[in-house]
Structure formats: C-alpha cells, structure tokens
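Chain residues, written in single-letter form:
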There are 2 protein chains.
Amino acid sequence: MQDLVIVGGGPAGITAGIYAARKKLRTALVSSDFIGQVGLTGPIENWPGEASIQGAALVDKFEDHLRRQAIEIIEEDVLSITKNEHFIVKTEDGELTSRTVLLATGRTPQQLGVPGERDYIGKGVVYCTTCDAPVYQDKKVVIIGGGNNGFSSAIELTDYATEVTLLEIADKCRADELLQERAAKKGVSIHTNQTITEIVGDDYVSGVTLQDGSSLPVEGVFVEIGSLPNSSLAPTEVKRNEHGEIEIDYYNCATSLEGFYAAGDVTNIRDKQIVTATAEGAKAALSVYDYLQFSPKL
Amino acid sequence: MQDLVIVGGGPAGITAGIYAARKKLRTALVSSDFIGQVGLTGPIENWPGEASIQGAALVDKFEDHLRRQAIEIIEEDVLSITKNEHFIVKTEDGELTSRTVLLATGRTPQQLGVPGERDYIGKGVVYCTTCDAPVYQDKKVVIIGGGNNGFSSAIELTDYATEVTLLEIADKCRADELLQERAAKKGVSIHTNQTITEIVGDDYVSGVTLQDGSSLPVEGVFVEIGSLPNSSLAPTEVKRNEHGEIEIDYYNCATSLEGFYAAGDVTNIRDKQIVTATAEGAKAALSVYDYLQFSPKL
C-alpha cells in the first residue's frame, strides 16, 4: 500500500515526488516519459536562477534530483485510476493500491500535423509564446491561429520581432475585437483563409509553405491552435471545468474527490508555466502529507 | 510613471521582476536586500533541479538572473505606499509613481535573541523544518517552541534524528493534544519551563546551554517560536487575515485594493517555500500584465 501515487513525470509530478519523499511518504511515481513539454522546448529564460537553459537540460536536472530521492519510479503508462476503499492505479504491467493519488499529467498542445513540424520543435516551432517570445528579438515570425491566444501572442511578439504575421485557417478570426484592433494597430499582418502545408528549414526553421505553394520566410512559427489537458485518467467523480481541466482548490490542490489531488497544467490554474507547475506539485505533496496525518489510516 | 513597482528582493519579488521585464512592463524593483531568509539558509535540497545548493548560492543565481533583465533596481528601503490616482511608493531617497504595486516583502522569523544564534544561522540554527529536516539524519536536535509548529517539526524530525528534544519556555505546551500525543509516542523528549541562554559550537552548532547552566549536546537547533509577515507597508485598505498576512485571491494574487498585488511569504498562501514564492511572483506579474492590458491607461 502506497501513501501516494503520483501520475506524471513533468515539473509538477517531479517536484511533488521530491517533496513527498522528503516527508517520508511511501510514494510511487508512474510515468513513461520525463521529457514532456519542457523537454521539447528550446532555450528557457524564465526558470528562476537560469538566465538561459535548454528545455532538455532542465528536464535532466529535475529528473536527476528526483532519482536521488527514496521513491519508487515506475516507467510505464497508467491505464486507469479507480477508487474503492483505496485508490487502484493500473499500469501496463501491474497495479498499485494507494491512500492518495496526485494527477500531474500536463497538457498536450494541439499540433498542425504538417511535415517539418515535429522536426523543428524547439528549433523555431513554439507552443508557448510567454516562454519563448524574447528569443525572437529582431526576427520574423508567424503565428498560426486567430483565437485570443493567437492574437495575444502576436501582440506580445510585436515587442520583439521585426515582422509579425498571423494566419487563420477560417475566413474570420475568433479573437476578441479589442485584441484584433490592438494587433492591427501594432502592425501585425493578419491573413484569413490560410493553411500551412509545410514547415521548412535547415538546422532551424527558415520559413513556411502555404496552400497556394507560396512561401513565407520566418524564423519562428508560433502554433496557437489550442492545447488539451490530459485529464482523461481522473475518475469520473472528479470535477472538470468546461475546458476539461481538473478543478482544484487553489489553496491546496484538492479536487472534488477525497484523497485525489491534481497539480500543474492539467488543472484550472491561471498560468501554465514551469515555475507554477513545480510549485503546485510541492503544494499538492505537502497537502497530501497533512491530509494523511489527520485522516485515519485506511 | 511605472507600470509596476515590486517591493521586495526575495524569490517572489525577483521572479516577478523577471516575468514583468519579459512582458516589457516598465518595472522598478525596490529592495535594500537580496539576501532574505533564503540567503541565510544552509544547504537547500528542495529547489527543483538542485539536489543540494547553499542558500547564498541560490540567491546569487536569482539575483544574477534578475540583473540581466530590463528592469530598474533601486537598492533602498521603502518607507510608505499610498494610493491616490496612482500608487506612490516613497523610498529613502525618492518617490515612484506607478499604475500597480506588488508587495513581496516576505516574513521575519522570530528569533530567540540569545548569544550564538545569529552566528550559527545556516550552521545548525534552523527556522524552517520542512526545508532542512533531512540534513539532520542520525544527528541530535532540539526544537524550541511548544506550539503546533514546534510539535510538527519534532514529529517530522523523529524520522531523521537519533534524539529529538523539544523545549517550551512556559509551564505548558500550546500544541494540539493530537500532536503532543503523537510526538510522545514517537519518542520526542518534551520539557517545559526551559529557557535557552546560549547556542554554542565551533564551526557548527555543538549544543545549547539552559537557564540552570546545564548543557544539551545537539547538532541542530530548530527555532519554532513563530514568524511575522512583513505586511506593514501595505496601505490600510488592503485586507489582512488574523495573522497579519495579506489576503490574496489565490487565482491571481490580487488583493482587496485594485491594482495592489501581493506574492509569497507575506501572503496567506498555505506553504511558505522557495518554489511556491517564485511561482506566486510569476503569477502576480502575469496578472498585472493582464490587468494593465484590459484597464484604461490611468
């Protein structure tokens, strides 16, 4: 019987693992992957204390820190989580019973699905503007997606890039008028009815190809067509919001199901950042510790 | 006119500064001190990605990261903060006007005020058990303070230390009975009517002297007599809780006064940890950015 099973090996899950182990909770962390969104990111400049660090290097530091703890690491996918008397976490090759569960499975950015996209992740293809905008100082960029996120990204990028183009696949952009007006004022070039067919480059992105065969030379492609929380493993009793995010008590990461906690990008927190995910993981582990101290041994 | 004035140079203020600068807010950070509680801590083992780092080294990394940003750093104390049309932040040598203010002034642990205490901070004298307990594996420790924090610390330390003694100055401990019982069961040696008169040692703590002149040989002295939030600079309109902590909206770090934000240990968040403080600082800066985008230019 575990005190805590953590599902997910990103910044939230790893930090929860570090904190839980230090509290001497009997903890297992299950994840087939320690790379996640961070590992696919190019230089990260907003992780406190590191002026610039590659995503993969930061992930390595996190994983190394985790592996020094007294914690069981199970490198498998989780198939299901159910609660009877205890929680049952089914993995590919086994089954864990636990007094509590922490879901920290993150989000999956929606991809364009065009040739070149995967090859240039972290080399010009970006899924998080707040993370990477300053890298594109004095460069040309294109944003794909005409929703609020796309326009917010475009506006932010006008502070850095020399040319900012926004492409929307439909014949009309869905973003708030206010944002559309501001983007236009700040010189964003906006085009509807545009589909990207390929992302091209050498070591780094050099441009995109459009549906009519024309090319747009850019060094950054910001994909802002949405992302989905990986919340499907949560038992049905766990409340989600309209975006499918797990609704947590912001104070302590508790969910609507007793003993079931969630942390990081899979939840309805405001800012999906590495630093916020780590903090939510720490908070969740400390909450679980307090919960177990003051709840009867099941 | 600043967009944002950050008051405080600890993990919350510094991270807010990094995020605000990256969002190109016109930002000033005012702090006479970048050392704070972290800088006085010995090895830190729960900052994600660093298995063990000295408090002073981590503070240096944070400060270096901040100083690379486009942000005005004013190394003075703040004397007062008021709000009329804008916020007015008075410093020792000047005055700033700003559209928003973020208070990130942290907490001050209450000290015993005995000889030796200051000399051994980070060398055996500890003010945060969650941070440092594992360092005292197989060592003897004493906890000063018979409240809930003192007893929780003592219980946690029984998982590491070989001998755990708790001293209370009054004739009775104030902690919850449940905690007192559990501590007794776990072998904590509890003594009331005990006053420490000196902390002694060589390079590190080797013991404490009691009021009757007797000594207790220990390698760790955990001071758990409370800490106070440094919230006095917040304008009177800003709501505090019964502990004097600034009450924030956990979602976005807003306070009861429009345009006034707070982050980190000075607030009523659950866990006062470095990683949570940094995340709160990031969240506050991103909230301020959104607030300024959607509020009329004052």
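Look up: the structure comes first, before these words.
Note that the structure is a prediction, hence the values are computed from the model and not measured. Once a new chain begins, its residue numbering starts again from 1 and follows that chain's sequence as written. Here every chain gets a letter starting at A, and every ligand a number starting at 1, in the order they are written. For a predicted model such as this one, the threshold for reporting local features is a pLDDT of at least 70, and the threshold for listing and counting side-chain atom pairs is 80 or more; totals across whole chains, interfaces and linings nevertheless cover every residue. With hydrogens and water set aside, each side-chain value is computed from the structure's full complement of heavy atoms.

## Observations regarding a negative patch on the surface
All names here are of chain A. Our working rule: Each patch is built from salt-bridge-free residues with over 30% relative accessible area, joining like charges within 9 Å and nonpolar side chains (Val, Leu, Ile, Met, Phe, Trp, Tyr) within 5 Å. Throughout, the Shrake-Rupley method with a 1.4 Å probe supplies accessible areas, and for residues the shown protein chains are the sole cover considered. Think of a salt bridge as a Lys or Arg side-chain nitrogen and an Asp or Glu carboxyl oxygen that are within 4 Å of each other. Counting rule applied: Lys, Arg positive; Asp, Glu negative; His and chain ends not counted. To locate a charge, take NZ of a lysine, CZ of an arginine, CG of an aspartate or CD of a glutamate. Secondary structure elements are defined from DSSP: runs of H or I of at least 4 residues count as helices, runs of E of at least 2 residues count as strands, and each element is numbered from the N terminus. Relative accessibility under 20% of the residue-type maximum defines a buried residue, over 50% an exposed one, and the middle range a partly exposed one, all with a 1.4 Å probe and only protein chains included.
Negative charge collects at one region of the surface, where D33, D77, E92 and D93 lie side by side. Within the secondary structure, D93 is located in the loop between β7 (87-91) and β8 (95-103). The exposure class assigned to D93 is exposed, which follows from its relative accessible area of 69%.

## Observations regarding empty space enclosed by the protein
If a probe the size of a water molecule is rolled over the atoms, the empty space left behind becomes visible. Put simply, the rule reads: Buried and open spaces are told apart on a 1 Å grid over the protein atoms alone, a cavity being a set of points where a 1.4 Å probe fits but cannot get out and a pocket being an open set with protein on both sides within 12 Å along at least five of seven lines. Residues with an atom within 4 Å of a point are the lining residues. Grid points are joined across faces, edges and corners, and a volume is the space filled by probe spheres set on the points.
Going through the model one piece at a time under the given rule, you end up with four cavities of 30 Å³ or more. What lines the largest cavity is a set of 14 residues, among which E280 and K283 of chain A together with I269, E280 and K283 of chain B lie closest to the centre. For the lining of the largest cavity, the elements supplying multiple residues, two or more each, are α7 (274-293) of chain A together with α7 (274-293) of chain B. One number sums up the size of the second largest cavity: a volume of about 70 Å³. Taken together, Y250, I269, R270, D271, T276, E280 and K283 of chain A together with Y250, Y251 and K283 of chain B make up the full set of residues lining the second largest cavity. Examining the composition of the lining of the second largest cavity, we find that three residues originate from one element, α7 of chain A, more than from any other.

## Topic: the packing of helix α5 (residues 148-158) of chain B against helix α6 (residues 177-185) of chain B
Residues and elements named next belong to chain B. Applicable threshold: A fitted line through C-alpha atoms represents every axis, and for helices the fit uses only the stretch in contact; the resulting angles, taken between N-to-C directions, go from 0 to 180 degrees. Convention used here: angles under 35 degrees read as roughly parallel, angles over 145 as roughly antiparallel, angles from 65 to 115 as roughly perpendicular, and any remaining angle as oblique. Note: crossing handedness is left-handed where the near helix turns anticlockwise from the far helix by less than a right angle, and right-handed where it turns clockwise. Residue contacts are counted whenever heavy atoms from the two residues lie within 4.5 Å of one another.
Relative orientation of the contacting elements α5 and α6 amounts to 30°, with a least axis distance of 9 Å. As judged from the angle between their axes, α5 and α6 are roughly parallel. Both α5 and α6 take part in a crossing whose hand is left-handed. Contact residues: α5 offers N148, F151, S152 and I155, while α6 offers L179, Q180, R182 and A183.

## With respect to the interface of chain B and chain A
Quick note on the threshold: Once two parts are brought into contact, the accessible area they lose, counted with a 1.4 Å probe and summed over both, makes up the buried area. Polar contact criterion, stated in full: a pair of N or O atoms within 3.5 Å, where within protein one must be able to donate a hydrogen and the other to accept it, and residues adjacent in sequence count only if both atoms are side-chain atoms.
With 48 residues of chain B at the interface, the matching set in chain A holds 48 residues. With both chains or domains summed, chain B and chain A bury close to 4,400 Å², and 55% of this area falls on carbon and sulfur atoms. The largest share of the area that chain B buries against chain A comes from R22, Y251 and R270 of chain B, three residues that together contribute 18% of it. One can count eight salt bridges joining chain B with chain A. D290 of chain B serves as the salt-bridge partner of R270 of chain A, at 3.1 Å between the closest nitrogen and oxygen. The interface formed by chain B and chain A contains 32 residue pairs in polar contact (both at pLDDT 80 or more). Only α1 (11-22), α3 (55-67), α4 (129-132), α6 and α7 of chain B provide two or more residues apiece to the side of chain B that touches chain A.

## Let's talk about the packing of helix α1 (residues 11-22) of chain A against helix α3 (residues 55-67) of chain A
All names here are of chain A. The following threshold applies: Polar here means any residue outside two lists: the nonpolar Ala, Val, Leu, Ile, Met, Phe, Trp, Tyr, Cys and Pro, and the charged Asp, Glu, Lys and Arg; Gly therefore counts as polar.
With their axes 9 Å apart at the nearest point, α1 and α3 run at an angle of 30° to one another. Of the possible angle classes, the one that applies to α1 and α3 is roughly parallel. The handedness of the crossing between α1 and α3 is left-handed. For the pair α1 and α3, contact is made by P11, I14, G17 and I18 and by F62, E63, H65 and L66, respectively. Broken down by class, the residue content of the contact of α1 with α3 amounts to five nonpolar, two polar and one charged.

## A closer look at the nonpolar core
Under the convention used in this document: For our purposes a nonpolar core is just a set of buried Ala, Val, Leu, Ile, Met, Phe, Trp, Tyr and Cys residues, chained together by side-chain atoms within 4.5 Å.
If you look at the biggest cluster of nonpolar residues, it comprises 121 residues, and the most contacted ones within it are I81, L103 and F260 of chain A together with I81, L103 and F260 of chain B. Those residues in contact with L103 of chain B that sit more than four places away from it in its chain are V7, I81, N230, S231, L233, A234, I246, F260, Y261, A262, A263 and V266 of chain B.

Geometry only, nothing functional implied.
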